[in-house]
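Residues per chain are reported as follows:
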Amino acid sequence: MNEISFDNNWEQLGKYPIVTEHDIVKIRQLVRHHAKEARMGIVEQTRITTAVSELFRNMFNYAEGGDVLIERGNIDGKNALIVTCIDQGPGIEDLELAMSDGYTSGMGMGYGLPGTKRLVDRFEIQSEKDKGTIVRVMKWR
Amino acid sequence: MSEKIVFEKAKERIEHIEDVLSSVAAGDLDVRIEAEIEDDLTGVEEAINILIEDLTYELKQSKKMREELEEKLSKIEDQQKTIIRQQDDLLELSSPVSKVWDNILILPVIGTLDSQRAQIMMENLLQKIVDTGCTMSILDITGVPTVDTQVANHLLKTVTSARLLGADCIISGISPAIAQTIVHLGIDLSVIKTKATLQDAMIYAMRKNNQLTHGKIKSDHLSETEETE
């Protein structure tokens, strides 16, 4: 899988830390707001909001929180909303396994990552054991 | 005056300055250097006196500011306590379970379903099921804007535990957008009875009720709605 690059010409809309469970709600509301601003429909808004909610929860549950970067940029000629989640958690040992339906390392249902991937237009993940995980999702209209 | 006496006198005064400075350093800001004669040293002595005055003033200011800050901090702490208390109150308030009909309970869920709320909600519902002996309960999630896997998981757990107590759970109020999202996430909610609106759930529950009490569907109105569905 390709390395996630931070050298982009995207417009940064904000960077926020996830520390408490309340942050998850607060920041996903922000994401919904930005999706609305990007004139996405209600279904698209719900999709991206749910997708980032999954990612935020993963960070909160497994990595003791992390940072969220919300950006807007041009992807293949489309105006995209880009959300990047960065944590310094334990990392994911087997990405292929984590991306398969029904697998869970904790108490979840096992649909978090693969489900998130189905909800967005582009999904990138990069993880190193004991170093952390970066997940980037993109949604366009 | 011989040079020696002048020197002795100057030495004395310098020692006095030293004493005053060390008193100030020790925290005594009331001491001042008393100038007896006017000469070159007087300027230095006065300058030191002015410095002590300034220092006293600044210290008073910073003490005042510290007190103000501490007052503000304690106010903020009080507010924080109020917020926490209100959050707890809200948790209790936000999961009302009401009996709306014979045998039928309704639990309207509004807002965000985090683990703590989900837990309280489940406890309230299960307790009410036991207390009232109702065997139908409706969980209305019209007011829940985001259903992710954790929320779905909480709902599944609530329904499963209600079932263990012998009560059927119906979930109502899933919006079209949330329905599509749930499907894409890959969550299987087919084990749960779901209805689009609270009204549908209510009709379903009442019909079930009639079946339970009379062994068959009695009301013509209710059987009609089933056909049109």
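Residues numbered from 1 in each chain as written. Chains lettered and ligands numbered in written order. Predicted model: local features only at pLDDT ≥ 70, side-chain atom pairs only at ≥ 80, totals over all residues. Heavy atoms only, no water.

*Asks:* Break down the overall build of chain A for me, with residues and values.
*Replies:* Tallying secondary structure elements over chain A gives four helices and five strands in all. Going from the N terminus to the C terminus, chain A shows its helices and strands as β-α-α-β-β-α-α-β-β. Taken over C-alpha atoms, the radius of gyration comes to 14 Å for chain A, in line with the 14 Å a tight globule of 141 residues would show. Taking the principal axes of the C-alpha coordinates as reference, chain A spans close to 35 × 30 × 25 Å. (Helix = DSSP H or I, 4+ residues; strand = E, 2+ residues; numbered from the N terminus. Rg over C-alpha atoms; globule rule 2.2 N^0.38 Å.)

*Asks:* Account for the packing of aromatic side chains, naming residues and giving values.
*Replies:* Under the definition given, this model contains zero aromatic pairs over all chains. Above the face of the Phe6 of chain A ring, Arg136 of chain A is positioned so that its terminal group lies 5.2 Å from the ring centre. (Phe/Tyr/Trp six-rings, centres within 6.5 Å; stacked < 30°, edge-to-face > 60°. Lys NZ or Arg CZ within 6 Å of the ring centre and 35° of its normal.)

*Asks:* Got a sec to walk through the nonpolar core? Specific residues and values, please.
*Replies:* With 59 residues, the main nonpolar core has Phe56 and Val137 of chain A together with Leu139 of chain B as its most contacted residues. Once you skip the residues sitting within four places of it in the chain, Phe56 of chain A turns out to touch Ile18, Ile24, Ile27, Arg28, Val31, Val68, Val83 and Cys85 of chain A. Ile104, Met136, Tyr204 and Ala205 of chain B belong to the second-largest nonpolar core, a separate cluster that totals nine residues. (Core = buried A, V, L, I, M, F, W, Y, C linked by side-chain atoms within 4.5 Å. Buried < 20%, exposed > 50% of the residue type's maximum accessible area, 1.4 Å probe, protein only. Contact = heavy atoms within 4.5 Å.)

*Asks:* So, the sheet that holds strand E4 (residues 168–172) of chain B: which residues are in play, and what are the values?
*Replies:* All names here are of chain B. Sheet architecture is open: five strands sit in the order E1-E2-E3-E4-E5, paired in mixed fashion. Each edge of the sheet is formed by a strand with only one pairing partner; in this case those strands are strand E1 (98–101) and strand E5 (193–195). Averaged over neighbouring strand pairs, the angle between their axes works out to 30 degrees when direction is ignored. Relative to strand E3 (residues 136–143), strand E2 (residues 104–110) is paired through six bridges, and the arrangement is parallel. Opposite Ile110, over in E3, you have Gly143 as the bridge partner. Sheet contacts for helix H3 (residues 115–132): E1, E2, E3 and E4; angle to E2, the most-contacted strand, approximately 170 degrees. (Pairing = 2+ DSSP bridges. Axes fitted to C-alpha atoms, helices over the stretch in contact; angles between N-to-C directions.)

*Asks:* Outline the interface of chain B and chain A, supporting the account with residue identities and numerical values.
*Replies:* How big an interface is tends to be reported as the loss of accessible area on association of its parts. Across the boundary between the two partners, chain B contributes 22 residues, which contact 23 residues of chain A. Taking both partners together, chain B and chain A bury about 1,900 Å²; carbon and sulfur atoms supply 54% of that area. If you sort the residues of chain B by the area they bury against chain A, Thr146, His184 and Leu185 of chain B come out on top, with a joint share of 29%. Run the count over chain B and chain A and you get two salt bridges. Of the charged contacts in the structure, one is a salt bridge between Arg28 of chain A and Asp148 of chain B, with a shortest N-O distance of 3.9 Å. On inspection of chain B and its partner chain A, the count reaches nine residue pairs in polar contact (both at pLDDT 80 or more). For the side of chain B that touches chain A, the elements supplying multiple residues, two or more each, are helix H4 (149–164) and helix H5 (176–185) of chain B. Here the side of chain B that touches chain A is composed, by residue class, of nine nonpolar, 10 polar and three charged. (Buried area = accessible area lost by both parts, 1.4 Å probe. Salt bridge = Lys/Arg side-chain N within 4 Å of Asp/Glu carboxyl O. Polar contact = N/O pair within 3.5 Å; in protein donor to acceptor, adjacent residues only side chain to side chain. Nonpolar A, V, L, I, M, F, W, Y, C, P; charged D, E, K, R; others polar.)

*Asks:* Hey, could you go over the domain arrangement of chain B for me, with residue numbers and the actual values?
*Replies:* Examined at the domain level, chain B breaks down into domain 1 (3–91) and domain 2 (98–228). Placing the centre of domain 1 of chain B and that of domain 2 of chain B at their C-alpha centroids yields a distance of 70 Å. (Domains from an automatic or database assignment.)

*Asks:* Break down the sheet that holds strand E5 (residues 132–140) of chain A for me, with residues and values.
*Replies:* Residues and elements named next belong to chain A. As summarised here, the arrangement of the five strands in space is E1-E2-E3-E5-E4, forming an open sheet in which the pairing is antiparallel. Edge positions in the sheet fall to strand E1 (11–18) and strand E4 (122–128), since each of these pairs with one other strand and no more. Each adjacent strand pair in this sheet contributes to an overall mean axis angle of 15 degrees, direction not counted. Here E4 pairs with E5 via seven bridges, running antiparallel. Among the inter-strand pairings, Gln126 is bridged to a residue of E5, identified as Ile134. The strands touched by helix H4 (residues 112–119) within the sheet are E4 and E5, with E4 carrying the most contacts at an inclination of about 150 degrees.

*Asks:* Any chance you could break down H3 of chain B for me, citing the residues and the numbers?
*Replies:* Residue and element names in this part refer to chain B. For H3, with 18 residues, the first-to-last C-alpha span of 26 Å sits near the 26 Å given by 1.5 Å per residue. Turning to H3, its buried residues number three or more, namely Arg117, Ala118, Ile120, Met121, Met122, Leu125, Leu126 and Ile129. Gly133 occupies a position one or two residues after H3 and carries a positive phi of about 70 degrees. (Expected span 1.5 Å × (residues − 1).)

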